[in-house]
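If you want the building blocks of each chain, they are given just below.
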Amino acid sequence: MEKVIIFSAPSGSGKTTIVHRLLEVYDNFEFSISATSRAPRGKEVDGVDYYFLTEEEFLRRVELGNFVEWEAVYAGTFYGTLHSEVRRIWSKGNIIVFDVDVVGGINLKKIFGDKARSIFIMPPSVEELERRLIGRATDAPEVIAKRVAKAATEIERAPEFDAIVVNDDLEVAIAQTREIIDRFIAE
Ligand code: 5GP
C-alpha cells in the first residue's frame, strides 16, 4: 500500500536529525522535497533540499491546484508539497517521509488518513528547547524568542498526532520512532 510518514515538531526539537537517521536506515524511505518561496541558505541545492520557486511562481501553482498542502509558515514565506512530488515517490514504490511544520503535519494527516502515520517530536521542555536553540548559535536572540513562543502553541497541538516521541536522549527517541514505524509498515 502507498504510505506516508509525517514528522512535525517545534524548531529545535531534533526532528531533522531523527529524520536523517531514519532515511539512512530504511532504504525504501524517500524524503518529500517541498517547494518554498524562500531563498536557498548555505549549501542548499534546488531539487535536493527544496524546489526553490519565486513567490509569483509559487502562487501561480497554488492557483493551478498543484499543491497537496501549502502554507505561509512564516509571514510572507510559503512552503508546500506538490502533487507531482507525491507521485514521483510513490511511483517508485517508496514510502514518503514528510518533515513539515505542526500545522502542515496535521493537515497532511487529514489528507492521507490511514495511509499516514503522524509523529510529533516533543522537546523535553520549553526551557530545554530554548537552551538548544541558543546552543545551536544559528539564530538571533529575537528569532529564538519567536520560536520559543511558537513552540508553546505547537506543543498544545501534539495530541492531534498519531504518536508523540519525547526527544530527551536522541538514541532512545530514534529507537522509539523505529518501533512506531515498524508497526506501521507491518500493518
Ligand atoms: P526552513 O525554512 O527552516 O527550511 O523550514 C521552516 C519550516 O517549514 C520547518 O518547520 C519545515 O518543517 C517547514 N516546512 C518545510 N516544508 C514544508 C511544507 O511543505 N509544508 C509545511 N506546512 N511546512 C513545511
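Everything that follows concerns the structure shown earlier in this document.
Computed from a predicted structure; not experimentally measured. (Residues numbered from 1 in each chain as written. Predicted model: local features only at pLDDT ≥ 70, side-chain atom pairs only at ≥ 80, totals over all residues. Heavy atoms only, no water.)

## Topic: the overall build of the protein chain
Using the following cut-off: In DSSP terms, a helix is any run of H or I states spanning at least four residues, a strand is any run of E spanning at least two, and both are numbered starting from the N terminus. Note on method: radius of gyration uses C-alpha positions; expected globular size equals 2.2 Å times residues raised to 0.38. Burial status follows relative accessibility: with a 1.4 Å probe on protein chains alone, a residue under 20% of its type maximum counts as buried, one over 50% as exposed, and anything between as partly exposed. Residues count as neighbours in contact if any of their non-hydrogen atoms are within 4.5 Å of one another. Each accessible area is a Shrake-Rupley estimate made with a 1.4 Å probe; only the visible protein chains count as cover when residues are assessed. Here Asp and Glu are counted as negative and Lys and Arg as positive; His is not counted, and neither are the chain ends. Every charge is mapped onto a representative atom, which is NZ of Lys, CZ of Arg, CG of Asp or CD of Glu.
Looking only at helices and strands, one finds seven helices and nine strands in the protein chain. Over its C-alpha atoms the protein chain spans a radius of gyration of 16 Å, differing by no more than 12% from the 16 Å that the globule rule assigns to 187 residues. With respect to the principal axes defined by its C-alpha atoms, the protein chain has extents near 40 × 40 × 30 Å. Split into buried and exposed, the 187 residues of the protein chain put 45% on the buried side. When contacts within the protein chain are restricted to residue pairs at least 6 apart in sequence, long-range pairs at least 24 apart make up 66% of them. Approximately 9,800 Å² of the protein chain is accessible, and the part contributed by carbon and sulfur atoms is 53%. Seen as two clouds, the 24 positive and the 32 negative side-chain charges of the protein chain have centres 2 Å apart.

## Re the sheet that holds strand β4 (residues 51-52)
Selection rule: A pair of strands is considered paired only if DSSP assigns at least 2 bridges between the two. For every element, the axis is a line fit to its C-alpha atoms; helices are fit only across the contacting stretch, and the angle between N-to-C directions ranges from 0 to 180 degrees.
Ordered by their spatial adjacency, four strands build an open sheet running β4-β3-β6-β5, and the pairing between neighbours is mixed. Across the chains shown, the open sheet's two edge strands, defined by having one partner strand only, are β4 and β5 (67-74). Bridge analysis of strand β3 (residues 35-36) against β4 gives two bridges, and the strand direction is parallel. Within β4, the residue paired with T36 across the bridge is F52. Sitting on the sheet, helix α2 (residues 55-63) is in contact with β3, β5 and β6 (77-82), with an inclination near 45° to β6.

## Things to note about the site of the ligand
Stated formally: One heavy atom suffices: a residue is near a molecule or strand as soon as one of its heavy atoms comes within 4 Å of it. For this analysis, a polar contact is any N or O atom pair within 3.5 Å, provided that within protein one partner can donate a hydrogen and the other can accept it, and provided that sequence-adjacent residues contribute only side-chain to side-chain pairs. Under the scheme applied, nonpolar residues are Ala, Val, Leu, Ile, Met, Phe, Trp, Tyr, Cys and Pro; charged residues are Asp, Glu, Lys and Arg; polar residues are all the others, including Gly.
The full set close to the ligand counts 16 residues, and S34, R38, Y50, E69 and Y79 are the nearest of them. The contact in question runs from an oxygen atom of the ligand to an N or O atom on the side chain of Y50, over 2.5 Å. Measuring from a nitrogen atom of the ligand, one finds a side-chain N or O atom of D101 at 3.1 Å. Calculation on the ligand without its partners gives an accessible area of 510 Å², and the protein chains cover 88% of this total. Counting residues per element, the shell around the ligand draws most heavily on β5, which supplies four residues. Looking at the shell around the ligand residue by residue, the class counts come to five nonpolar, four polar and seven charged.

## A closer look at the packing of helix α1 (residues 15-25) against helix α7 (residues 170-186)
What counts, and what does not: Put simply, angles under 35 degrees are roughly parallel, angles over 145 are roughly antiparallel, angles from 65 to 115 are roughly perpendicular, and the rest are oblique. Each crossing gets its hand from how the near helix is turned against the far one by less than a right angle, where anticlockwise is left-handed and clockwise is right-handed.
At a closest axis distance of 11 Å, the pairing of α1 and α7 adopts a crossing angle of 55°. If you check the angle between α1 and α7, you find them oblique. For the pair α1 and α7, the sense of crossing is right-handed. Every residue of α7 that contacts α1 at T17, I18, R21, L22 and V25 is listed here: L170, E171, A173, I174, T177, R178 and I181. Broken down by class, the residue content of the contact of α1 with α7 amounts to seven nonpolar, two polar and three charged.

## Considering the packing of aromatic side chains
Keep this limit in mind: What counts as a ring pair is set by centres within 6.5 Å for rings of Phe, Tyr and Trp (its six-membered ring), and what kind of pair is set by the plane angle: stacked under 30 degrees, edge-to-face over 60, tilted for all other angles. Think of it as a cone above the ring: NZ of Lys or CZ of Arg counts as a charge over the ring if it is within 6 Å of the ring centre and within 35 degrees of the ring normal.
A complete count under the given rule lists 11 aromatic pairs for this structure. By the ring-pair criterion, three or more aromatic residues cluster together here, those being Y50, F52, Y74 and Y79. Lying over the aromatic face of F184, K3 brings its terminal NZ or CZ to 4.8 Å of the ring centre.

## Structural notes on the side chain of E154
Inspection of the secondary structure assignment puts E154 in helix α6 (residues 141-156). In contact with E154, other than residues within four places in its own chain, are A9, P10, S11, V102 and F120.

## Examining the sheet that holds strand β9 (residues 163-166)
Ordered by their spatial adjacency, five strands build an open sheet running β2-β7-β1-β8-β9, and the pairing between neighbours is parallel. Across the chains shown, the open sheet's two edge strands, defined by having one partner strand only, are β2 (29-31) and β9. Strand-to-strand twist across the sheet, computed as the mean angle between neighbouring axes with direction ignored, equals 25°. Two elements, strand β1 (residues 4-8) and strand β8 (residues 116-122), share five bridges in a ladder whose sense is parallel. If you follow I6 over to β8, its bridge partner there is S118. Against the sheet, α1 touches β1, β2, β7 (95-99) and β8, its axis set at about 140° to β2.

Keep in mind these values describe shape, not function.
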